[in-house]
Amino acid sequence: MANPPYQLSLQTSEPTRLAQIPTSSLTPPVTPIAKESRQRSFQDIQPPQSLSAPKPNVSTPLYFTNDLEIIHNGDNRPIEFGRGAWSIVYKARSTSSAKPSASTSTSNPSTPPSSPSSPVSTTRILAVKAPVRRDARPVLEAEALTLTRLTLTAGHEPYIVPFHGQHKDLGGLVMSAIPLALSTYIEDQADIARSRQPATPTMFDPVQGPASYTDLARKLISGLNWLHQAAGMVHGDIKPHNILLRPVDANESTSAFPFEPLFADFSSAVEIPNDPAIPLDTTRASMSAFTPPFTAPEMLASLTSGDIAPTPASDVFSLAATLLAAATGDLLLYPGTSNMQRLAMARQGHQIVDLTRSGSSGHRVPRNGFVEGLVKPAVVKDPASRISTVDWVDLAASSSSSS
Ligand SMILES: Nc1ncnc2c1ncn2[C@@H]1O[C@H](COP(=O)(O)OP(=O)(O)OP(=O)(O)O)[C@@H](O)[C@H]1O
Ligand SMILES: [Mg+2]
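The residue numbering used here restarts from 1 in each chain and proceeds along that chain's sequence as written. Labels are handed out in written order, letters beginning with A for the chains and numbers beginning with 1 for the ligands. In keeping with the predicted nature of the model, local features appear solely for residues at pLDDT of at least 70, side-chain atom pairs appear and are counted solely at 80 or more, and the whole-chain, interface and lining totals rest on all residues. Hydrogens and water molecules were not included; the side-chain quantities draw on all heavy atoms of the structure.

**Q** Explain the coordination of the magnesium ion (ligand 2) here, please?
**A** In ideal tetrahedral geometry, four donors around a metal make angles of 109.5 degrees, whereas ideal octahedral geometry with six donors gives angles of 90 or 180 degrees. For the magnesium ion (ligand 2), the protein coordination sphere consists of Asn-242 (OD1) and Asp-265 (OD), at 2.1 to 2.2 Å. Taken together, the residues Asn-242 in the loop between β10 (233-234) and β11 (243-247) and Asp-265 in the loop between β12 (259-263) and β13 (270-271) connect sequence positions 23 residues apart. Accessibility expressed as a relative area gives 18% for Asp-265, which makes it buried. Distances up to 2.8 Å from the metal define which N, O and S atoms are donors, and 3.2 Å serves for Na, K and Ca; water is absent from the atom set, so sites may look incomplete. The helix and strand labels rest on DSSP assignments: H or I over at least four residues marks a helix, E over at least two residues marks a strand, and numbering proceeds from the N terminus. The rule is simple: take the accessible area with a 1.4 Å probe, protein chains only, and divide by the maximum for that residue type; under 20% is buried, over 50% is exposed, in between is partly exposed.

The following block contains the structure:
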């Protein structure tokens, strides 16, 4: 079917998705099992390279050539980290002495060599994103190329899920296992906030607390700035479910937010052309599923035409919506509304701050408070007038939760 009707389905752990394909349910990520850390505070982050810096020219993906075994549970079923519209992400292990790729060198072996005299052999816990249907294969092929390009771009480590290559036989994408999504973290923090007594002193704060929230926001905005400015890439599907949290080493860090938030799921990503006269590629977005309220209103407006390309400005909007969800603790942003009402509200996305404030957790985004100050310039209606990531980094650096 060239242009099937959009499907709306309600999922418990993921907001309603407006998809051009049916979506499957999402398995909530499990508690972190692997600790992979290279702590980088916001202040340490290098200034972005300019977009004119040469981009790695990638025509074939990195391949994962080490052995790989999908891990099964007691019922002999493969263990899943999560699911999305295109894929199931399985838990896997690789026991190998082959030389690690550039990106694997940062990962922690989970077991030491078996004996000092035996060849160096390490077992790593990995995540394998496998196509869920035949038509998902080209999507994963394209994502493998995107992840290869990002992995070959200097400075990617603090921002991008570690990618070890595409498995030739399975077609799956092999990544480090980072089994905590920002969506799960937000829900956990909301639960903790609900049980906090007395609730009144902190009711105007983001659920995770102001210092931790500010640190998270700065790291996320720096990551998006790196993606746009250094890697020349638009993510296209930023939302809490597509951001994974890698714990930072408590001994090495004084981070208020003790994780590195890593962008994952590049299935909708598009390159930013070096020449601004060249339009962005619309083919990948037109194959994608969209998640109101994280999708920019101009993207939703152009959905019916099929001529949709995510842009740096639509990424900025999506990250701002993510920051609002993190502040309120509410992944749906507009609780108590129906799917159709939420879609209608998402189409009015430039009003997202006011709409959020009218919701049951709206007190966590006080008028003229620091959350509003951070989010408002990122959700203005005209995409061309939205704050750029370069300016957003500065705003986040100067924004203080105590003001
Ligand atoms: N490296 C990883 N380690 C652990 N869990 C992961 C990893 N990558 C993805 N996941 C989990 O699997 C889920 C699905 O992965 P992903 O979002 O990449 O798939 P998708 O099919 O492209 O999703 P979407 O429906 O958002 O397009 C994620 O939301 C996350 O919970
Ligand atoms: Mg996803």
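Still more to cover.
**Q** Sorry, what's going on with unusual backbone geometry here?
**A** Glycine aside, the phi torsion of most residues is negative, and most peptide linkages are trans. For the bond running from Pro-292 to Pro-293, omega is 10 degrees, close enough to zero to count as cis. Take Pro-293: it is sitting in the loop between β14 (289-290) and α5 (297-301). We note that Asp-265 has phi near 60 degrees; this positive angle belongs to a residue other than glycine. The phi torsion at Asn-368 lies on the positive side, around 60 degrees, for a residue other than glycine. Within the secondary structure layout, Asn-368 lies in the loop between α8 (352-357) and α9 (370-375).

**Q** Please clarify how the side chain of Asn-242 should be interpreted in this entry.
**A** Overall, Asn-242 belongs to the buried group, its relative accessible area being 7%. Pairing of N or O atoms within 3.5 Å defines a polar contact, subject to two protein rules: one partner must be a possible hydrogen donor and the other a possible acceptor, and residues neighboring in sequence count only if both atoms are side-chain atoms. For Asn-242, the side chain forms a polar contact with the main-chain oxygen of Asp-237, separated by 2.9 Å. Contacts are assigned to residue pairs that have any heavy atoms within 4.5 Å of one another. Every residue in contact with Asn-242, bar those within four places of it in the chain, is listed here: His-235, Asp-237, Leu-262, Phe-263, Ala-264 and Asp-265.

**Q** So what exactly am I meant to see when it comes to the pattern of salt bridges here?
**A** Pairing is possible between side chains of opposite charge, provided their charged atoms come close. What makes a salt bridge here is a side-chain nitrogen of Lys or Arg within 4 Å of a carboxyl oxygen of Asp or Glu, nothing more. Counted by the stated rule, this structure contains 13 salt bridges. For Glu-271, the salt bridge goes to Arg-149, with nearest N and O atoms at 2.6 Å. Linking Glu-271 in strand β13 with Arg-149 in helix α1 (residues 137-151), this pair joins segments that are 122 residues apart in sequence. Judged by its relative accessible area of 4%, Arg-149 is buried. For Asp-215, the salt bridge goes to Lys-219, with nearest N and O atoms at 3.5 Å. Here Asp-215 pairs with Lys-219, and both are found in helix α3 (residues 210-230), just 4 residues apart, close to one helical turn. Grouping residues by exposure puts Asp-215 and Lys-219 together as buried. One continuous salt-bridge network, built from bridges that share partners, spans Asp-354, Arg-357, Glu-372 and Lys-376.

**Q** Which parts of the structure should I look at to understand the site of ligand 1?
**A** For each residue, the test is whether any non-hydrogen atom lies within 4 Å of the molecule or strand; if one does, the residue is near. In the region of ligand 1, 25 residues are neighbours, and Ala-85, Ser-87, Lys-129, Ser-176 and Asp-265 sit closest. In the model, an oxygen atom of ligand 1 is placed 2.8 Å from a nitrogen or oxygen of the Ser-87 side chain. Contacts to ligand 1 include Ile-178, whose backbone N or O atom sits 2.9 Å from a nitrogen atom. Against a free-state accessible area of 620 Å², the protein chains account for coverage of 97% of ligand 1. Listing elements by their share of the shell around ligand 1, those giving two or more residues are β5 (80-83), β6 (87-96), β7 (122-131) and β9 (173-176). Take the shell around ligand 1: its biggest share by element is 3 residues, from β5. Polarity classes work like this: nonpolar for Ala, Val, Leu, Ile, Met, Phe, Trp, Tyr, Cys and Pro, charged for Asp, Glu, Lys and Arg, and polar for all others, with Gly in that last group. For the shell around ligand 1, the class distribution of residues is 12 nonpolar, 7 polar and 6 charged. Working definition of accessibility: Shrake-Rupley area with a 1.4 Å probe, residue cover restricted to the visible protein chains.

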